[in-house]
Amino acid sequence: MRVQKILPLFIVSLALTACGGSSGGGSKSSSSKAISSSSKAVSSVSTISSTATVSSASSVCGAAAPLSSSLASESSGSSSSSAPVVITADMTSGWYGNGAGNTGVLYTADGVTFTDLANDRGAVFDVPKGTLLEKATIELVVNASSDFISSGGNLQFVAQVIGTGEAEWGCWIPNGSIGDATDTTLTCKILENGNLNQTLNDTKIGIQVKPGANPLAGTITIKSAKITLAPPQSSSSYSSYNACVDSLKDLADFPIGIAVSNTDSPADNILTNVKEQAIAEKHFSQMTAGNIMKMSYLHPRNDTGTLNDYEFANADAFVAYAKSKNISIHAHTLFWHADYQVPDFMKNFAGTPQEFLAVVDTHVTTLVDHFEESGNVDSWDVVNEALTDGNPSDYRTNSPFYVKSGNSPIFIERAFIAADAADPVVNLYYNDYNIENNDSKTDKMVEMVTDFKARNIPIDGVGFQMHVCLRWPSISAISAAMKKVADLGLKVKITELDVAVNQPYCDSYPANKISEFTPAIAFEQKKRYCDIIAAYKTVVPEAQRGGVTVWGTRDGSSWLDNLYSSEYEGEKISWPLLFDAQYGDKPALRGFADALSDVTCTTNP
Ligand code: XIL
């Protein structure tokens, strides 16, 4: 197996100064007849479209005193402290009847009334397209007549992008919550799917009726209607922070890696996005493909039993780009059970376990052989996530690989043996998440790799994915878990590091939801990154350091924001990475560098 390669340094051709630029924005004005909103209020709806670049220079480092105040103002200017924008409906015009064949609405001294009470009929007004209504709160003051209440009628909010099926139908107001001929304030937050396309068409907002057991009777009067828009999302906005890190990789004698996209995420494509390239080339000595070296991308079919079953072009281009920049590759991954990553031929395999293991051998041999030729693939995650999170943890028995192996974990060692045979030099890792918590899953992993070592199954190390939270697990747990592997003489690699500010499975989310990426949070994250890297250096002897890879470049494009989009209600609030959404430095970058430089970890700016 390969002795750790130290790649020669290369000249960074694109100067990347860390101090980002500013934010800007346009304004929206309302044109709908039904809406009377002052231009002043509406202008603050402007989206925060930062034009921050990575090229403006600053000589002020993050630790300089004035910067903390600049961070504070940047942060507060972009989020919750701006006054909420309220749209108030005109109650004398612009309303119309909702539902096919609706007989319409009447304007009275009290407001807008309707008496057409067939299912789904009601009264609505239009909010012009482009007004971002996602997470807005609609507030209607409604008066339902006594005969409506006694006929068992219910109400439901309407928020529907006209001409589309995209709608918020969730806010249901049961009969018992509606006052009997008294004014009732009804509220509804627009949340459906987290992604109504309000740029496409105007959105109609209002209320409709839902009958109970009896035909409905009576009159509904809407006395007022207002919509409070959600504040613009405060994505990480640290474009004015300068971590003053010339190059992370130059501070380490082990690989410093970054996960990047290629065709799987065209906007972030490392082959075409010059900002991605600038970050990767400046700071990182290793790269991992976030997706395109997984099984379904490389080995989608098994029709012919020849190389025609494989798709190497995208991965080859990615590996070649890295090579041209003197960047090594940590390849990920030969086996991962995640459903969408398993090609149908594997899922549907109908042969015997022996026949399946022959397919395992061919898969591994073909991939490892192929990438050995590139010369810059240092390591493979041979098997990813084969263990469960339970207590006690065990092999993942519902993995198709486990099942097709004859309900056995034998495919794991077969894969290691085949990979070693194909390339005796490349480093071979078992990779998993939640093994840094030092609990039952850690112990199961240690039991497995101890057994592998005892039986001379060729394994070089363990990859700790390290998708951790801001405040959990503890550094002592992380250290103890890594030490168990280091004590076996195996390499320890942190393969997918990110530090989520919000994470539904820890830090008591959503009770302790962090809605804004404030300077205090940014500097807490800085210390957290520093503590993790410092623990790694303390626990893992130099010769066993496989390196540290961060799972993504910039906030706003993290996989966590997609994975937890419903828990985050569509907001991008994981803020887990070293760079902000505009590729500006975050304090986390300074924290990482501090640990590499043996500087004490602090929350200091
Ligand atoms: C993630 C990618 O980042 C996403 O783009 C994709 O949609 C899902 O997979 N653990 C792993 C990685 O081992 O392969 C996962 O990558 C993140 C969790």
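Below you will find a few notes about this structure.

## Details of the overall build of the protein
Secondary structure assignment for the protein yields 15 helices and 23 strands. For the protein, with 605 residues in total, the buried portion stands at 55%. For the protein, the exposed area adds up to about 23,300 Å²; of that, 53% sits on carbon and sulfur atoms.

## Some details on the site of the ligand
Surrounding the ligand, one finds 13 residues, the nearest of these being Asn291, Lys294, His332, Asn384 and Glu496. A distance of 2.8 Å separates an oxygen atom of the ligand from a polar atom in the side chain of Lys294. At 3.4 Å, a side-chain N or O of Tyr340 approaches an oxygen atom of the ligand. Relative to its free-state accessible area of 410 Å², the ligand is covered by the protein chains to the extent of 79%.

## What to know about the packing of helix H12 (residues 475–486) against helix H13 (residues 519–539)
Packed helices, taken two at a time, are described by the angle their axes make and the gap between the axes. With their axes 9 Å apart at the nearest point, H12 and H13 run at an angle of 30° to one another. By the angle between their axes, H12 is roughly parallel relative to H13. Helix-helix and strand crossings are classified by hand; for H12 and H13 the assignment is right-handed. Residues Ile475, Ile478, Ser479, Met482, Lys483 and Ala486 of H12 lie in contact with H13, whose contacting residues are Arg528, Asp531, Ile532, Ala535, Tyr536 and Val539. Class assignment for the residues of the contact of H12 with H13 results in eight nonpolar, one polar and three charged.

## Here we look at the environment of Val360
With respect to the secondary-structure elements, Val360 resides in helix H8 (residues 353–372). For Val360 and Met346, which are 14 residues apart along the polypeptide, the C-alpha to C-alpha distance reads 9.5 Å.

## Observations regarding the packing of aromatic side chains
As enumerated under the stated definition, the model contains 17 aromatic pairs in all. Judged by centre distance (5.4 Å) and plane angle (70°), the rings of Phe254 and Tyr536 are edge-to-face. Remark: Tyr536 occurs in helix H13 and Phe254 occurs in the loop between strand E14 (220–228) and strand E15 (256–260); sequence separation between them is 282 residues. As far as the burial class goes, Phe254 and Tyr536 line up, both buried. Ring centres of Tyr509 and Tyr568 lie 6.0 Å apart, and the angle between their planes is 75°; on these two criteria the pair is classed as edge-to-face. With Tyr509 in the loop between strand E22 (491–500) and H13 and Tyr568 in the loop between helix H14 (559–563) and helix H15 (587–596), the pair connects residues that are 59 residues apart, well separated along the chain.

## As for the pattern of salt bridges
Using the criterion set out here, one finds 25 salt bridges in the structure. Residue Lys223 pairs with Asp183 through a salt bridge whose shortest N-O separation is 3.1 Å. You can see Lys223 sitting in strand E14 and its partner Asp183 sitting in strand E12 (residues 183–189), a full 40 residues away along the chain. A salt bridge links Lys586 to Asp555, with the shortest nitrogen-to-oxygen separation between them at 2.7 Å.

## Some thoughts on H8
The terminal C-alpha atoms of H8 lie 28 Å apart, and with 20 residues this matches the ideal 28 Å at 1.5 Å per residue to within 8%. When H8 is considered as a whole, its buried residues turn out to be Phe356, Leu357, Val359, Val360, His363, Val364, Thr366, Leu367, Val368 and Phe371.

## Examining the nonpolar core
Formed by 118 residues in total, the largest nonpolar core has its most connected members in Met287, Met293, Trp380 and Phe592. The element contributing the most residues to this core is H13, with 10 residues. Contacts of Phe592, omitting those with residues within four sequence positions, involve Leu248, Ile256, Leu497, Tyr529, Cys530, Ile533, Val548, Val550 and Leu578.

## A word on empty space enclosed by the protein
Throughout the structure, instances matching the rule amount to four cavities of 30 Å³ or more. Size it by volume and the largest cavity reaches roughly 60 Å³. In this structure, the largest cavity is lined by Leu470, Arg471, Val501, Asn502, Gln503, Cys506, Asp507, Tyr509, Asn512, Lys513 and Ile514. Its residues assigned to classes, the lining of the largest cavity comprises five nonpolar, three polar and three charged.

## Focus on the pairing of strand E18 (residues 377–384)
Among the eight residues of E18, eight are classified as buried, and the element is accordingly described as predominantly covered. Relative to E18, strand E17 (residues 328–336) runs parallel, the two sharing six bridges. Paired with Ile329 across the two strands is Val377, which belongs to E18. Strand direction decides the pairing type here: E18 and strand E19 (residues 427–432), joined by five bridges, are parallel. Counted as the bridge partner of Val383 is Tyr430 from E19.

## A closer look at helix H4 (residues 274–283)
Counting buried residues along H4, eight of its 10 residues qualify, which places the element largely inside the surrounding structure. Considered for burial, the residues of H4 that qualify are Glu276, Gln277, Ala278, Ile279, Ala280, Glu281, Lys282 and His283. Residues of H4 that are buried sit in contact with E15, strand E16 (286–289), helix H6 (313–324) and H15. A distance of 2.8 Å separates the backbone nitrogen of Lys275 from a side-chain oxygen at the start of H4, and that oxygen is part of Asn273.

## Concerning the state of the cysteines
Counting across every chain of the model gives four disulfides. For Cys171, the disulfide goes to Cys188, at an S-S distance of 2.1 Å. Between Cys171 and Cys188 the disulfide shows an S-S torsion of about 80°. By sign, it is right-handed. With Cys171 in the loop between strand E10 (167–168) and strand E11 (172–173) and Cys188 in strand E12, the pair connects residues that are 17 residues apart, well separated along the chain. With respect to burial, Cys171 and Cys188 carry one shared label: buried. Between the sulfur atoms of Cys530 and its disulfide mate Cys601 the distance is 2.1 Å. Note on the Cys530 and Cys601 pair: the S-S dihedral is about -75°, so by sign convention the disulfide is left-handed.

What counts, and at which threshold
- Residues numbered from 1 in each chain as written.
- Predicted model: local features only at pLDDT ≥ 70, side-chain atom pairs only at ≥ 80, totals over all residues.
- Heavy atoms only, no water.
- Helix = DSSP H or I, 4+ residues; strand = E, 2+ residues; numbered from the N terminus.
- Buried < 20%, exposed > 50% of the residue type's maximum accessible area, 1.4 Å probe, protein only.
- Areas by Shrake-Rupley, 256 points an atom, 1.4 Å probe, with all protein chains shown as cover.
- Near = heavy atom within 4 Å.
- Polar contact = N/O pair within 3.5 Å; in protein donor to acceptor, adjacent residues only side chain to side chain.
- Axes fitted to C-alpha atoms, helices over the stretch in contact; angles between N-to-C directions.
- Parallel < 35°, antiparallel > 145°, perpendicular 65-115°, else oblique.
- Left-handed = near helix turned anticlockwise from the far one by under 90°.
- Contact = heavy atoms within 4.5 Å.
- Nonpolar A, V, L, I, M, F, W, Y, C, P; charged D, E, K, R; others polar.
- Phe/Tyr/Trp six-rings, centres within 6.5 Å; stacked < 30°, edge-to-face > 60°.
- Salt bridge = Lys/Arg side-chain N within 4 Å of Asp/Glu carboxyl O.
- Expected span 1.5 Å × (residues − 1).
- Core = buried A, V, L, I, M, F, W, Y, C linked by side-chain atoms within 4.5 Å.
- 1 Å grid on protein atoms, 1.4 Å probe; cavity = no way out; pocket = protein on both sides within 12 Å on 5 of 7 lines; lining within 4 Å.
- Points joined across faces, edges and corners; volume = space filled by probe spheres on them.
- Pairing = 2+ DSSP bridges.
- Disulfide = S-S within 2.5 Å.

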